[in-house]
Amino acid sequence: MHDAPLDSTTHAPTGTTSRPIARFPHVATVATPWLARTILPCVCLLTALGAADPSKPERARLERWVKTLASPEFEGRRGEGGRKTAALLVEEFRRLKLEPLFQDQYTQTVPSTPPANVPGRNVGAVLRGSDPVLRDQYIVVSAHYDHLGVRNGVLYPGADDNASGVAMMMETARCLATAAERPKRSIAFIGFDLEEAGLYGSRYYVAHPPFPVDKITLFITADMIARSLGGVCDPYVFVMGTEHIPAVRPWIAEAARDRPLTVGLLGADLLLLNRSDYGPFRSLKVPFLFFSTGENPRYHSSEDKPETLNYAKLTEISQVIHEVAARVADETSPPSWNDATDHPLDEAVAIRDVLKILRDNRETLQINAAQIYLIDGTLRTLDGVIARGRITPSERASMLHSARIIIMTAF
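Residues numbered from 1 in each chain as written. Predicted model: local features only at pLDDT ≥ 70, side-chain atom pairs only at ≥ 80, totals over all residues. Heavy atoms only, no water.

(A) Focus on the pairing of strand E4 (residues 138-144). For E4, a buried count of seven out of seven residues is recorded, marking the element as mostly surrounded by other parts of the structure. As judged from the seven bridges shared by E4 and strand E7 (residues 186-192), these two strands associate in the parallel manner. Note that in E7 the partner of valine 140 across the bridge is alanine 188. Note: E4 against strand E8 (residues 216-222), five bridges, orientation parallel. Looking at E8, one finds that valine 141 is bridged to isoleucine 220. (Buried < 20%, exposed > 50% of the residue type's maximum accessible area, 1.4 Å probe, protein only. Helix = DSSP H or I, 4+ residues; strand = E, 2+ residues; numbered from the N terminus. Pairing = 2+ DSSP bridges.)

Here it is in structure tokens:
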């Protein structure tokens, strides 16, 4: 997840490789040491898992993606590690027989220009829709694959931020590409680079799209989906964007039904800044959904390691996203952008319940007396709002103001 623009001490190499990476059966013959050392083991594992149930994202596959991308070999997915990651994603897209997204290329070179001042590459592929009319409309499933790299000799693995999101994307791609029937709409899978450098990869994409942005029926991205807010809000996954597409809420609820998850619907305006790759699409009024479990104590630290993730939760969230994407891809009347935002009472319920969890864990989180005073006042207001069954615009504005202060000061 993007926090602030990063320094450019660990630049990725410019451009992409001049020749395509060999297909999986020939990886060992490619005269590049890191491919033989790193990609080949991944290929062997993917091949071994090939006979597994392809109908939904699987924990073993998700875990393997995370452990691979967060390994020292991938150098925090910055610089040379970013190039290796892009090559691995391309190879898997080829294995799944997905079409290149960028004309005849799987990669889109992101030049080293302001504001990022670091080069990068977006990676994308398309599962072409089956309907002769709807195939020109797109569902986008995405995640940023870059992270903080290696700084002063310290590796920042980025297991949750955002190997977890990439794992979801790649498992969703596998499930949809190997399904018995193709979706009616086309589905694009995009791994964005340079999210940590001011969302520059996704900003460059919308400025240089391979197909018109207004052909996107729904943009989905996930950023940090394998832990919990503050390390204490265990059942929660937060979803932003339904304020502009309320019609999708029942589909999210249906996908999450009977799962050990609590879906917290929040307005994206809770975050003062666009915190991930939904931002450039939101600015263009593209219907979007942003999935995240929120910041945690290991956020942007060297301790964001694979062994610290909740893989059962990652699996459940990935399956929800897969179901929603598949549903919208076939939907006769898909959601469309509404300028007038719709904020359900469920948002107030989610914020109230999260504040209660934070208060109950005040010692663990080292929440001070001033923060407790603000939490208690906000809880009293929200209890009244929920009992009444309605929240006014001024009450919501006050709720957001308090929640922002608490979130910014408590973590």
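(B) Structural context of the confidence of the model for the protein chain. On average, residues of the protein chain carry a pLDDT of 89, and 87% of them reach 70 or more. Throughout residues 4-51 the model reports pLDDT below 50, and contacts reaching past four residues in sequence, or to other chains, amount to 83 contacts. (pLDDT = per-residue confidence, 0-100. Contact = heavy atoms within 4.5 Å.)

(C) Seen up close, helix H12 (residues 393-410). Spanning 18 residues, H12 covers 25 Å between terminal C-alpha atoms, matching the ideal 26 Å at 1.5 Å per step. Restricting attention to buried positions, one finds in H12 the residues Glu395, Arg396, Met399, Leu400, Ser402, Ala403, Arg404, Ile406 and Ala410. Each element contacted by the buried residues of H12 is listed here: helix H9 (345-360), helix H10 (362-365) and helix H11 (369-388). (Expected span 1.5 Å × (residues − 1).)

(D) Broad picture of the nonpolar core. One finds Leu89, Phe93, Phe189, Leu289, Phe291 and Val324 to be the most contacted residues of the largest nonpolar core, which totals 59 residues. The next biggest cluster of nonpolar side chains, apart from the first, holds 53 residues, and it includes Val213, Tyr278, Leu358 and Ile406. (Core = buried A, V, L, I, M, F, W, Y, C linked by side-chain atoms within 4.5 Å.)

(E) Fine view of the packing of aromatic side chains. Applying the stated criterion across every chain yields a total of 12 aromatic pairs. Ring geometry for tyrosine 278 and phenylalanine 288: centres 5.4 Å apart, planes at 15 degrees, overall stacked. Placement of tyrosine 278 in helix H7 (residues 278-283) and of phenylalanine 288 in strand E11 (residues 288-292) is noted, with a sequence separation of 10 residues between them. Each of the two residues, tyrosine 278 as well as phenylalanine 288, counts as buried. Within the aromatic cluster, the residues linked to one another by ring pairs are Phe102, Phe192, Tyr205, Phe219 and Phe281. (Phe/Tyr/Trp six-rings, centres within 6.5 Å; stacked < 30°, edge-to-face > 60°.)

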